[in-house]
Amino acid sequence: MTADDKPFSFRSVALPVFLPALLFSTGEGAILPIIPIAAHNLGATLALAGFVSSMVTVGTLAGDIPSGWIVSRIGERTSMIVASFVALAGILVSLLAPNPWVLLVGVFLEGLATAVFALARHAFMTTHVPLRYRARALSTLGGVFRGGWFIGPLIASAVITATGTPQSAFWIFAVACVLAAISLIALPDPERGHRAAVRGTGSSPHGTGSHGTGSPGRGQADDDGAHRAHGLFGAIWAHRTVLLRMGSGAALVGAARSARITLLPLWALSIGLGEANTALVIGIAGGVEFALFYTSGHVMDRWGRLWSVMPCMLGLGTGFVLLAFLHDVPQREGWFVAVVLFLSLANGLGSGIIMTLGADLAPRGRPAPFLSAWRFAGDGGQAAAPVLVSVLTAAASLPVAAGTIGVLALLGAGILRRYIPRYVPHVRHPVRETSELGDRA
């Protein structure tokens, strides 16, 4: 029996796997729309505020380099506990920051912690979830993160209204990190439990299958490539063709998504929407994304990855291009809210797509180093986009920045439309409705 033949239930992983991710992402979601505002209150210009905000993704990109090694060496649970304490250090620096440059350092540390935390969960789901349920499982994980990004801004909006200072949002992240660490210590280690179950059944812990052909550079990489790819740079070299082609598309997906995090709060600031209202609007948009996470996974498992990624990227591209023409129109606040909701709808339709494609392409047996390289590609786009937004805002204007991001998103749609059928062709599986219904719980 292989891992693909074994029954899988979300109940077995729901609490120990998803609860820490929900707590951590709730704290992160609380600060994301507030970082540019906090930087602006410390004297930063709009462009510098955007640059400070970009340090979340720059820190995540830098964290991708060691995260695969860390997770492989000390394990998933320990890695996430360490990441929670690194995030706490970043929060402390942010709270004590006397100027935007010190705030930048704190935000960078928070990005480092996010990289390790996210990779640990991604590697676990890649290794232990059968292919039949992979997209739904990873979309659910993406949905959990989106749930946190939905809850966090709503909590931040209430706390900021009560305290009158946007810096109070960082305390929400601090409490969330402490609770995440406690849950990781108190709850059973799912990685150890799954390994014990595999030994008990005599099945392979890595028989996750692939949508690809099984040849090197297509679908899941071969085992020889896995042995060569023991580090980030080894993984990049061993799987360079896949990473160059598919990774460029993933980078543009990451860029479009990351630009939302930086550009939308700056847009709200430029039209005078207000701090609490900004957090509220972005929180509601996060709720729209959260509502679509299982739909996205079901679409990917049933009809293929393209049916999720194309509506996502075409919608993001169209939304940003439209936003570029709405800065100075009458009732611009209402138009801004409408575009934010449209962008969240498009992004929600692609929930989990980058994690799913990474799992599809990852080598069997030791996915963490390859996933580090894959996430490095996606996070490279995430890190570059806010910097690009800041540069274009300083050199031209926010509408120019929005239009540029929209064009890049449409380019990403074209790249993935070309290469997903080649590297991750869809293979339909017999639908086992009773098992699937049981797994939804």
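Presented here is an overview of the structure given in this document. Along every chain, residues carry numbers that run from 1 in the direction the sequence is written. For this predicted model, a pLDDT threshold of at least 70 governs which residues receive local features, and a threshold of 80 or more governs which side-chain atom pairs are given and counted, while totals over whole chains, interfaces and linings are taken from all residues. The side-chain figures draw on all heavy atoms in the structure; neither hydrogens nor water molecules are used.

**Considerations on the overall build of the chain**
Across its full length, the chain carries 19 helices and zero strands. Buried positions account for 59% of the 441 residues belonging to the chain. We call two residues in contact when some of their heavy atoms are within 4.5 Å. Pairs at least 24 residues apart make up 85% of the contacts formed inside the chain by residues separated by at least 6 positions. Numbering of helices and strands starts at the N terminus; helices are DSSP runs of H or I of at least 4 residues and strands are runs of E of at least 2. Here the term buried applies to any residue with accessible area under 20% of the maximum for its type, exposed to any over 50%, and partly exposed to those in between, with areas from a 1.4 Å probe on protein chains only.

**With respect to unusual backbone geometry**
Even without a glycine there, the phi angle at Gln331 is positive, about 55 degrees. Structurally, the position occupied by Gln331 is in the loop between α14 (306-323) and α15 (332-349).

**Quick word on the packing of aromatic side chains**
Aromatic rings from Phe, Tyr and Trp, taking only the six-membered ring of Trp, are treated as a pair when their centres fall within 6.5 Å; an angle between ring planes under 30 degrees marks them as stacked, one over 60 as edge-to-face, and anything in between as tilted. Under the counting rule described, the total for this entry stands at three aromatic pairs. Relative to Phe117, the ring of Phe24 has its centre 4.3 Å away and its plane inclined at 15 degrees; by these criteria the two rings are stacked. With a gap of 93 residues between them, Phe24 in helix α1 (residues 14-31) and Phe117 in helix α5 (residues 100-128) connect regions that are remote in the sequence. When its relative accessible area of 1% is taken as the criterion, Phe24 is described as buried. For Phe117, a relative accessible area of 0% translates into the label buried. Cluster of aromatic residues (ring-pair linked, three or more members): Phe24, Phe117 and Phe173. Between Arg240 and the ring centre of Trp237, over which it is positioned, the NZ or CZ distance is 4.0 Å. Distance and angle both matter: a charge sits over a ring if NZ of Lys or CZ of Arg is within 6 Å of the ring centre and within 35 degrees of the ring normal. Across from the ring centre of Trp303, 5.7 Å away, lies the NZ or CZ of Arg302, which sits over that ring.

**Some details on the pattern of salt bridges**
Pairs may arise between side chains of opposite charge once their charged atoms sit close together. Think of a salt bridge as a Lys or Arg side-chain nitrogen and an Asp or Glu carboxyl oxygen that are within 4 Å of each other. Enumeration according to the criterion identifies six salt bridges in this entry. One salt bridge in this structure joins Asp301 and Arg136, with 2.7 Å as the shortest N-O distance. Residue Asp301 is found in helix α13 (residues 293-303), and its partner Arg136 is found in helix α6 (residues 134-163); the two are separated by 165 residues along the sequence. Each member of the pair, Asp301 as well as Arg136, carries the same accessibility label: buried. Measuring nitrogen to oxygen at the nearest pair gives 3.6 Å for the salt bridge that ties Asp301 to Arg305. You can call Arg305 buried: its relative accessible area is 2%. Taken together, the salt bridges that share partners define one network made up of Arg136, Asp301, Arg305 and Asp360.

**Structural notes on the packing of helix α11 (residues 240-270) against helix α17 (residues 367-395)**
Every axis in this analysis is a line fitted to C-alpha atoms, fitted for helices over the stretch in contact. Angles between the N-to-C directions lie between 0 and 180 degrees. The contact between α11 and α17 brings their axes to 6 Å, and the two run at 40 degrees. If you check the angle between α11 and α17, you find them oblique. The two elements α11 and α17 meet at a crossing, and its hand is right-handed. Each of Leu243, Met246, Gly247, Ala250, Ala251, Gly254, Ala255, Ser258, Ala259, Thr262, Leu263 and Leu266 in α11 lies in contact with α17, whose residues at this interface are Phe370, Ala373, Trp374, Ala377, Gly378, Gly381, Gln382, Ala385, Pro386 and Val389. Gly is put with the polar residues, along with every residue not named as nonpolar or charged; the nonpolar set is Ala, Val, Leu, Ile, Met, Phe, Trp, Tyr, Cys and Pro, and the charged set is Asp, Glu, Lys and Arg. The residue makeup of the contact of α11 with α17, split by class, is 15 nonpolar, seven polar and no charged. When describing relative orientation, an angle under 35 degrees is termed roughly parallel and one over 145 degrees roughly antiparallel, while 65 to 115 degrees is termed roughly perpendicular and anything else oblique. Here is the rule for handedness: rotate from the far helix to the near one, and if that takes an anticlockwise turn smaller than a right angle the crossing is left-handed, while a clockwise turn gives right-handed.

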